[in-house]
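For reference, the chains in residue letters:
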Amino acid sequence: VIAGNAGEGVHANNIGSGSVIAGNYIGVANDGTTSKGNGSHGVYFAAGFNNSTLGGDVAAETNIIAFNGNAVSEYGVYIASASTAGNQILNNSIFSNYDIGIKLNADGANNDIVAPSSLTQTASATHDLLLVSGNASSVKASATVQIFEADNGSSCEGKTYIGETMADGSGAWTINTSGSYNET
């Protein structure tokens, strides 16, 4: 549990390539739902923090990042510098932070990769299948695209992992997954 700090929960600054931050409760109690937010960003990637992973490929590596920040421009995850590149944010549950869940600074943070745009989302008539497609033209071919169900907050963060796919050579992607979904 990384919670209740006056500043960032995790401040990662030039600690080396290949670091992994996984399996933490950041801004929440060990039940994963009770608010114990940090006073600023939940996770802050500063200059020089490169080629590292926040989260991972299996459930045990998921970070729960919630209730962080107490002012505008304080995020669940903030990648702050053009000299911060090659980082992956995978399979985390990010919700109820003061501002948006993941913020890439506009000066080139993480190689200027922007979030993929969702072009279409269609739930089946019985709401047990969901087809989501879009374009991630700002990323290289074969980039991983993950989709999440948003929390009920106004900043539409990704609380619940739904699925993932790889973008093709042009950045186009489609995910067809099963479950119980509302089309919004």
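The structure presented is a predicted model; accordingly, all values stated were derived computationally and were not measured.

Calculation criteria
Residues numbered from 1 in each chain as written. Predicted model: local features only at pLDDT ≥ 70, side-chain atom pairs only at ≥ 80, totals over all residues. Heavy atoms only, no water. Pairing = 2+ DSSP bridges. Helix = DSSP H or I, 4+ residues; strand = E, 2+ residues; numbered from the N terminus. Axes fitted to C-alpha atoms, helices over the stretch in contact; angles between N-to-C directions. Core = buried A, V, L, I, M, F, W, Y, C linked by side-chain atoms within 4.5 Å. Buried < 20%, exposed > 50% of the residue type's maximum accessible area, 1.4 Å probe, protein only. Contact = heavy atoms within 4.5 Å.

What follows is about the sheet that holds strand β8 (residues 88-90). Spatial ordering of the open sheet is given by β2-β5-β8, a layout of three strands whose pairing is parallel. Edge strands, defined here as strands with exactly one partner in the open sheet, are β2 (20-21) and β8. In the sheet, strand β5 (residues 53-55) pairs with β8 via three bridges, with the strands oriented parallel. By the bridge assignment, L54 is partnered in β8 with I89.

The next point concerns unusual backbone geometry. Within the chain, N51 stands out as a residue other than glycine whose phi angle is a positive 50°. If you check the backbone angles, N91 has positive phi at about 60° while not being a glycine. Within the secondary structure, N91 is located in the loop between β8 and β9 (93-95).

Attention now goes to the sheet that holds strand β7 (residues 77-79). Pairing within the open sheet is parallel, and its four strands lie in the order β1-β4-β7-β10. Looking at which strands have only one partner, the edges of the open sheet turn out to be β1 (10-12) and β10 (102-104). With strand direction ignored, the average angle separating the axes of adjacent strands in the sheet is 10°. By the bridge criterion, three bridges tie β7 to β10 in an arrangement that is parallel. Each residue of the ladder has a partner; that of I79, found in β10, is L104.

Looking now at the nonpolar core. Judged by nonpolar contacts, V10, A12, I21, I26, V43, F45, F49, L54, I65, V77, I79 and I94 together constitute the single largest core of 12 residues. Residue assignment for this core shows that the elements contributing at least two residues are β1, β4 (43-45) and β7. What V10 contacts, discounting residues up to four positions off in sequence, is I2, I21, I26, G42, V43 and Y44. Core analysis: the second largest hydrophobic core is formed by nine residues, V132, I147, I162 and A167 among them.

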